[in-house]
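The primary structure of each chain is shown beneath.
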Amino acid sequence: MLQDVIDRSTVTKKIAIVSSSDELNEFLRHLLTHWKFELHRPDHPEVLLLAEEGQATPLPGQRAIWMTRSRYQGADRLNVPITFEALWQQLEHHFHRPPRTHIRMNVEMSALVTVNDSTVSARLSSLSDMGCRFSYHRELVRDQSVVISLTLDGEEMRIDSRVIYAVPGREEAGAFTVGLLFRGIDKKQRDRLRSFLIWRYLEKVRAKMDGYRFRTALGYFDLPDFVLERLGAPEVAAGE
């Protein structure tokens, strides 16, 4: 049995958001809530400060990530316009060891899983552009080959994968929770999956915000063309 599964749910991720844009502040509050962060005021040293440069002063010993338009690069800098990957990775490095470098989402999606000559329907519970988690009816072994077939917006993707863990399922007797690493994925498929996940997160945020405020906040981000098309290619730029 494989048990290389780290329980990340025990990590409390406290964060405070400070910027000159009310729209960006609201946007980030909704997004980071979906990413399982606890939102706090910035007046405590244990709270990570996610702030626009020049808009906040950290307390002694307080960690900070600065959103900036300057050309200066650093481990504590997020350049505007912000990519989702950079935001995700910065936050991961502050709260998790090892950090996850690929955006992922808890999902409820159907897929086809092929192991040897057997193909069965499975339910995905987590998805990233480099792997997934699903429930399977029997135990698998490390590095076992699996082909998974996903359908995203009517487009089927078949991806060669390998097992990285399998643990007994919590909800269904006799079932196993299996983690896969996509090893046969090409750049086009990865870009497609990453864009899909960003779009899904943005749809969750958009449902919580006024349309104009949402579009204004998007001006602070560098988004893939696929995402812009799905969102209706907003034209509002940050600060306007």
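Refer to the structure printed above.
Residues numbered from 1 in each chain as written. Predicted model: local features only at pLDDT ≥ 70, side-chain atom pairs only at ≥ 80, totals over all residues. Heavy atoms only, no water.

Draft legend 1. Molecular detail of the side chain of Gln62. Structurally, Gln62 is set in the loop between β3 (48-52) and β4 (64-68). Looking at Gln62, its side chain comes within polar contact range of the main-chain oxygen of Val47, at 2.8 Å. Ignoring any residue separated from it by four or fewer positions in sequence, one finds Gln62 in contact with Pro42, His44, Pro45, Val47 and Leu49. (Helix = DSSP H or I, 4+ residues; strand = E, 2+ residues; numbered from the N terminus. Polar contact = N/O pair within 3.5 Å; in protein donor to acceptor, adjacent residues only side chain to side chain. Contact = heavy atoms within 4.5 Å.)

Draft legend 2. Highlighting the sheet that holds strand β1 (residues 14-18). In space, the five strands of this open sheet follow the order β2-β1-β3-β4-β5, with parallel pairing throughout. The strands lining the two open edges of the sheet, one partner per strand, are β2 (38-39) and β5 (77-79). With respect to the sheet, helix α1 (residues 22-34) is in contact with β1, β2, β3 and β4, its orientation differing from that of β1 by roughly 160°. (Pairing = 2+ DSSP bridges. Axes fitted to C-alpha atoms, helices over the stretch in contact; angles between N-to-C directions.)

Draft legend 3. Structural detail: the packing of aromatic side chains. In this structure the tally under the stated criterion is ten aromatic pairs. Geometrically, the ring pair formed by Phe27 and Phe221 is tilted, given 5.0 Å between the ring centres and 40° between the ring planes. Of the two residues, Phe27 sits in helix α1 while Phe221 sits in the loop between α4 (211-218) and α5 (225-231), which places them 194 residues apart along the sequence. Residues Phe27 and Phe221 agree in their burial class; the two are buried. Aromatic rings pair up to connect Phe27, Trp35, Phe84, Trp88, Tyr201, Phe214 and Phe221 into one cluster. Looking at Lys13, its charged tip hangs above the ring of Phe37, at a distance of 4.3 Å from the centre. When the ring centre of Phe95 is taken as origin, the NZ or CZ atom of Arg63, which lies over that ring, is 5.1 Å away. (Phe/Tyr/Trp six-rings, centres within 6.5 Å; stacked < 30°, edge-to-face > 60°. Buried < 20%, exposed > 50% of the residue type's maximum accessible area, 1.4 Å probe, protein only. Lys NZ or Arg CZ within 6 Å of the ring centre and 35° of its normal.)

Draft legend 4. Structural view of the packing of α1 against helix α2 (residues 84-95). Between α1 and α2, the least distance of the axes is 13 Å, while the angle of their chain directions is 60°. Here α2 runs oblique to α1, going by the angle between their axes. In the packing of α1 onto α2, the handedness of the crossing is right-handed. Between α1, through Phe27, Leu28, Leu31 and Leu32, and α2, the contact on the second element is made entirely by Phe84, Leu87 and Leu91. In the contact of α1 with α2, the residues fall into seven nonpolar, no polar and no charged. (Parallel < 35°, antiparallel > 145°, perpendicular 65-115°, else oblique. Left-handed = near helix turned anticlockwise from the far one by under 90°. Nonpolar A, V, L, I, M, F, W, Y, C, P; charged D, E, K, R; others polar.)

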